[in-house]
Amino acid sequence: MEWILANKKKRNGDVEPLKKFIQKRLAQNIVDLGEKDDVLNIPLTAESMEEYAVENERARFLTVDAQKGHFWHTVYGVDAGGAFHLLSEGRLETLEDIERKQAEFNVPDHCVALDCAFDTDAVRKICGLHHWFSMNGTVKEEYVHKIRGRGVKLIYAPLERHMVEGIQCLHFNFSSQRAKDVLAARIKSGHFKVPHDVSAEYIKQMQAESKQESIDKRTGRVSLKWLASGNNSHMWDCSCMAVIFAMIHRMI
């Protein structure tokens with residue numbers, strides 16, 4: 001109860017009860033919490049979404065978050081320097097809309113992914129039929145890959161194959177928290193280009209999560225984690241999948 005009340009006061013601007021709880025109850029130093037991220041500032045460029053061209057583009061990715069009865073999407077082009085350029089974003093109503101978006105931006109099948117956290121089997125079946133990938137963010141921090149006979153730790157898992165009604169789907173799990181860290185770092189470093197006429201909903205969803213203090217109920221340890229503010233964060237999740245795609249393709 002003390003933890004809950006202290007966090008409520010923090011949201012109203014009074015951080016002292018939370019500091020006292022961490023120092024006295026948890027016997028932790030405030031500086032051990034690391035740097036807290038406020039709402040991300042999404043810098044806008046002078047370019048327009050319409051006919052946006054990416055210089056030295058190496059690949060582009062269409063990533064989709066499936067919801068009940070509709071979808072959210074982003075399309076990013078990634079240049080030779082590893083910068084992300086937003087080409088399309090927003091809500092899609094049908095599977096056919098995803099297919100049209102893929103054709104409109106000429107995204108190859110192996111660069112399309114759907115988040116399968118919701119209605120997993122149905123999404124994986126769609127991905128298998130279209131030769132797309134399914135993805136899912138997990139609480140794991142890292143995964144071990146066997147590369148040239150030795151174990152290498154990465155933030156995404158080795159490729160998995162799942163069968164749904166006789167249809168094979170290729171799938172990647174990834175660390176949700178670590179992917180968000182990488183995405184935030186790209187934004188802060190200027191390696192993230194968003195046209196000035198992007199939708200207000202995109203900005204809202206990209207700012208729907210921030211790093212906040214979180215307590216582990218088992219250990220009592222406090223750490224910083226990306227947590228939602230209450231607004232939808234579907235396009236933020238799509239952007240995280242684009243980051244994972246870029247890492248898989250060795251572009252960042």
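Above this text you will find the structure in question.
Summary of the structure given here.

How each quantity is defined
- Residues numbered from 1 in each chain as written.
- Predicted model: local features only at pLDDT ≥ 70, side-chain atom pairs only at ≥ 80, totals over all residues.
- Heavy atoms only, no water.
- Buried < 20%, exposed > 50% of the residue type's maximum accessible area, 1.4 Å probe, protein only.
- Helix = DSSP H or I, 4+ residues; strand = E, 2+ residues; numbered from the N terminus.
- Arc of directions from axis to C-beta.
- 1 Å grid on protein atoms, 1.4 Å probe; cavity = no way out; pocket = protein on both sides within 12 Å on 5 of 7 lines; lining within 4 Å.
- Points joined across faces, edges and corners; volume = space filled by probe spheres on them.
- Nonpolar A, V, L, I, M, F, W, Y, C, P; charged D, E, K, R; others polar.
- Pairing = 2+ DSSP bridges.

1. Things to note about helix H3 (residues 95-104)
Thought 1: Turning to H3, its buried residues number three or more, namely Asp97, Ile98, Lys101 and Gln102. What you see down the axis of H3 is that its buried residues fit within an arc of 140°, all on one side. Residues of H3 that are exposed and angled more than 90 degrees away from the buried face: Arg100, Ala103 and Glu104.

2. Considering the layout of surface pockets
Thought 1: When its volume is computed, the largest pocket comes out at roughly 280 Å³.
Thought 2: Lining the largest pocket we find Thr138, Val139, Glu141, Ser176, Gln177, Lys180, Asp181, Lys211, Leu224, Lys225 and Trp226.
Thought 3: At the level of secondary structure, the elements contributing two or more residues to the lining of the largest pocket comprise helix H5 (176-188) and strand S13 (222-228).
Thought 4: Looking at the lining of the largest pocket, the element that brings in the most residues is H5, giving four residues.
Thought 5: A class-by-class count of the residues in the lining of the largest pocket yields three nonpolar, three polar and five charged.

3. Some remarks on the sheet that holds strand S10 (residues 167-175)
Pairing between sheet strands relies on hydrogen bonds along the backbone, with the strands arranged either parallel or antiparallel.
Thought 1: The nine strands are arranged S1-S11-S4-S3-S2-S5-S6-S10-S9 in an open sheet whose pairing can be described as mixed. Lying at the two open borders of the sheet, with one neighbouring strand each, are strand S1 (44-45) and strand S9 (160-164).
Thought 2: The sheet contact formed by S9 and S10 spans five bridges and is antiparallel. The partner of Val164 across the bridge, within S10, is Ile167.

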